[in-house]
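# A look at the structure
Next come the chains, spelled out residue by residue.
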Amino acid sequence: MPSYELAAKIQALKPYDPIMGNYRIRLDANESFYELPPEVIQKIQKKIGETAFQRYPDPNASQACRAFCQLYGVSEDCVTAANGSDELISILCSCFLEKGEKILTVRPDFSMYSFYGSLYETQIETVSKGESYQLDVDQLISECAARNPRMLIFSNPCNPTSLGITRQEMLRLLRSVSCLVVADEAYMDFWTESVMEDVNDFDHLIILRTCSKALGLAAIRMGFAVTNPKLTQALRAVKSPYNTDSLSQAAAAAVLSEKELYQEHVKGILKSRDQLYTGIQELQKLAPALERVYPTVTNFVMVKIAQAEAVWKELLHRSIAVRWMGEHLRITAGSPDETRTVLAELETILKNT
Ligand SMILES: *Cc1c(COP(=O)(O)O)cnc(C)c1O
């Protein structure tokens, strides 16, 4: 029998393999540490009870989009819902370029851009950030001029560095390049520099937002693209028609309607983030192995640390999961208790290495 050969580009791929063990403290995925309050869960349960399960979902996720628009003050003809912002990255990489066209991204940044870019056989190129890891808009402008990409995609604020560029800097970038600019604002709920209010001023700006971080809904997979009506029409036309299901739409609509809860949670997460950040700065005085703590505008902190892998393993051994990336650890702000614990354990580990 002739044998079936996988396409060469997927032969070496391995399924995404996040840390899944049963750890007492999970600070590895930048999730919210808040659980949904019982009354919001009840609201979701009621909506789920009313679902017509034999019917396909609303292809436009209208209720979820409406709640999103009210929360963030954008208009409905500028918003497209998707199965996580991950799906939007996939759609942009697969549909918004002609075969072989170029995507420019930066390094370090979210790995999904190059993952989808290469999977869809685009030409993916990266610009390395300098040692500070601060994104340099002048560098981006000149790289766009020199390399002529069809799309520029990066996260702002950045995962994993936790640094960002201001709205003014983003606007300056937008005025200086002609390619599609995809600003992944997954963490912008924690900062003030969104360009969502500016979408109608540009024909080449797409903003990605997610319910997975500040909104505490990573379980349901819901993300949004915010862009001008013309690009919104294009996105809605190319996405899979029933990309978000009725249950996720119901949960997202319920949670996005809770403005006060949202504000309270963002505030609580930022407070915990500040505790984590100052705690690590204090540790730095005791432990020279902690080489660098980067400033943060998100719900996590990145540190450069000697023997990062060994420290990461020691933390896992103590049932604390953080993200290890080469010379760095990325630590999500947990509950105040979790933050205290991770700081105490880090202190013990660093004293002994
Ligand atoms: C977490 C994260 C997302 C969110 O992806 P979802 O698919 O919506 O969960 C997107 N971009 C970045 C940079 C992230 O860190």
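Before going into details, it helps to say that this report is about the structure given with it. All of these numbers come straight from a predicted model, not from anything done at the bench.

Parameters at a glance
- Residues numbered from 1 in each chain as written.
- Predicted model: local features only at pLDDT ≥ 70, side-chain atom pairs only at ≥ 80, totals over all residues.
- Heavy atoms only, no water.
- Near = heavy atom within 4 Å.
- Polar contact = N/O pair within 3.5 Å; in protein donor to acceptor, adjacent residues only side chain to side chain.
- Areas by Shrake-Rupley, 256 points an atom, 1.4 Å probe, with all protein chains shown as cover.
- Helix = DSSP H or I, 4+ residues; strand = E, 2+ residues; numbered from the N terminus.
- Nonpolar A, V, L, I, M, F, W, Y, C, P; charged D, E, K, R; others polar.
- Pairing = 2+ DSSP bridges.
- Axes fitted to C-alpha atoms, helices over the stretch in contact; angles between N-to-C directions.
- Contact = heavy atoms within 4.5 Å.
- Expected span 1.5 Å × (residues − 1).
- Buried < 20%, exposed > 50% of the residue type's maximum accessible area, 1.4 Å probe, protein only.

### Topic: the site of the ligand
- Close to the ligand lie 14 residues, the nearest being Asp184, Thr210, Ser212, Lys213 and Arg221.
- Measuring from an oxygen atom of the ligand, one finds a side-chain N or O atom of Asn159 at 2.8 Å.
- Contact between the ligand and Ser212: an oxygen atom at 2.6 Å from a side-chain N or O atom of the residue.
- Its free accessible area being 390 Å², the ligand has 93% of it covered by the protein chains.
- With 3 residues, helix H4 (residues 84–95) is the single largest residue contributor to the shell around the ligand.
- Classifying every residue of the shell around the ligand by side-chain character gives 4 nonpolar, 6 polar and 4 charged.

### Details of the sheet that holds strand E4 (residues 123–128)
- Strand order across the open sheet formed by 7 strands is E2-E8-E7-E6-E5-E3-E4, with mixed pairing between neighbours. With one partner strand each, in any of the chains shown, strand E2 (79–82) and E4 form the two edges of the open sheet. Each adjacent strand pair in this sheet contributes to an overall mean axis angle of 20°, direction not counted.
- In this sheet, strand E8 (residues 223–227) lies alongside E2 in antiparallel orientation, the contact comprising 4 bridges. Within the sheet, the bridge partner assigned to Ala81 lies in E8 and is Phe224.
- Docked against the sheet, H4 engages E2, strand E3 (102–107), strand E5 (151–155), strand E6 (180–184), strand E7 (205–210) and E8, running at close to 155° with respect to E7.
- Along the sheet, helix H5 (residues 112–119) makes contact with E3, E4, E5 and E6, crossing E4 at roughly 155°.

### Details of helix H12 (residues 336–351)
- With 16 residues, H12 ought to run about 22 Å at 1.5 Å a step, and its terminal C-alpha atoms sit 23 Å apart, in line with that.
- Turning to H12, its buried residues number three or more, namely Thr339, Val342, Leu343, Glu345, Leu346, Ile349 and Leu350.

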